[in-house]
Amino acid sequence: MNNIDRILDDFEEYCTNEIVSGKARSYKLAIKYLCDYLKITQFDNESIAKIENTANLLKDYNISTYQEVLSFLTKRRQSSYLLKGWINAGVNQFLRFMN
């Protein structure tokens, strides 16, 4: 199991205990899919900052980053994670978890 998988499993457990278990898996997958888009292969300070910065950009539907992420996820049939707000919600929880 690599760094990302281990941390995401721990994150899912954190979400299950701290939030509502039904959201835990969605948050975990939202972070995983964002990492896939960003080509993040391990979590460190730089990758965490990249996740946070990208999530902030994804709040604006009219910018190219949003459209690029949407296109990436649509090709993988995962666009609902962006369209339904799971990515931004997941990132908010993930940043709390990582602190």
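To be clear, the structure that these remarks concern was listed above.
Residues numbered from 1 in each chain as written. Predicted model: local features only at pLDDT ≥ 70, side-chain atom pairs only at ≥ 80, totals over all residues. Heavy atoms only, no water.

1. Quick word on the side chain of Asn88
- With respect to the helices and strands, Asn88 occurs in helix 6 (residues 86-98).
- With near-sequence residues (within four places) excluded, Asn88 lies in contact with Ala55, Leu58 and Lys59. (Helix = DSSP H or I, 4+ residues; strand = E, 2+ residues; numbered from the N terminus. Contact = heavy atoms within 4.5 Å.)

2. What about helix 6?
- End to end, helix 6 covers 18 Å across 13 residues, agreeing with the expected 18 Å (1.5 Å per residue, within 8%).
- For helix 6, every residue scored as buried is listed here: Ile87, Asn88, Gly90, Val91, Gln93, Phe94 and Leu95. (Expected span 1.5 Å × (residues − 1). Buried < 20%, exposed > 50% of the residue type's maximum accessible area, 1.4 Å probe, protein only.)

3. Digging into the packing of aromatic side chains
- Under the criterion given, the structure shown has 10 aromatic pairs.
- Geometrically, the ring pair formed by Tyr37 and Phe72 is edge-to-face, given 5.5 Å between the ring centres and 65° between the ring planes. Taken together, the positions of Tyr37 in helix 2 (residues 21-38) and Phe72 in helix 4 (residues 64-75) put the pair 35 residues apart, joining distant regions of the chain.
- With 5.1 Å between their ring centres and 80° between their planes, Tyr61 and Tyr66 make a pair best called edge-to-face. (Phe/Tyr/Trp six-rings, centres within 6.5 Å; stacked < 30°, edge-to-face > 60°.)

4. Focus on the packing of helix 1 (residues 3-18) against helix 6
- As a packed pair, helix 1 and helix 6 sit with axes 10 Å apart at the nearest point and diverge in direction by 100°. When the axis of helix 1 is compared with that of helix 6, the two are roughly perpendicular. Where helix 1 approaches helix 6, its residues Ile7, Leu8, Asp10, Phe11, Tyr14 and Cys15 are matched on the opposing element by Gly90, Gln93, Phe94, Arg96, Phe97 and Met98.
- For the contact of helix 1 with helix 6, the per-class residue count stands at eight nonpolar, two polar and two charged. (Axes fitted to C-alpha atoms, helices over the stretch in contact; angles between N-to-C directions. Parallel < 35°, antiparallel > 145°, perpendicular 65-115°, else oblique. Nonpolar A, V, L, I, M, F, W, Y, C, P; charged D, E, K, R; others polar.)

5. Examining the pattern of salt bridges
- Taken as a whole, this structure holds four salt bridges when the rule is applied.
- Its salt-bridge partner being Asp9, residue Lys28 comes within 2.6 Å of it at the nearest N-O pair. Residue Lys28 is located in helix 2, and its partner Asp9 is located in helix 1; the two are separated by 19 residues in the primary sequence.
- The class for Lys28 is buried, based on a relative accessible area of 12%.
- A salt bridge links Asp36 to Arg76; the nearest nitrogen and oxygen atoms lie 2.6 Å apart. Of this pair, Asp36 sits in helix 2 while Arg76 is found in the loop between helix 4 and helix 5 (80-83), placing the two residues 40 residues apart along the sequence.
- Through salt bridges with shared partners, a single network forms among Asp9, Glu12 and Lys28. (Salt bridge = Lys/Arg side-chain N within 4 Å of Asp/Glu carboxyl O.)

6. Remarks on the packing of helix 3 (residues 45-57) against helix 6
- Look at helix 3 against helix 6: their axes get within 10 Å of each other, and the N-to-C directions meet at 150°. Here helix 3 lies roughly antiparallel to helix 6, going by the angle between them. The interaxial crossing formed by helix 3 with helix 6 has left-handed handedness. Judged by residue contacts, Ile48, Ile51, Glu52 and Ala55 of helix 3 engage Asn88, Val91, Phe94, Leu95 and Met98 from helix 6.
- A breakdown of the residues in the contact of helix 3 with helix 6 according to their chemical character gives seven nonpolar, one polar and one charged. (Left-handed = near helix turned anticlockwise from the far one by under 90°.)

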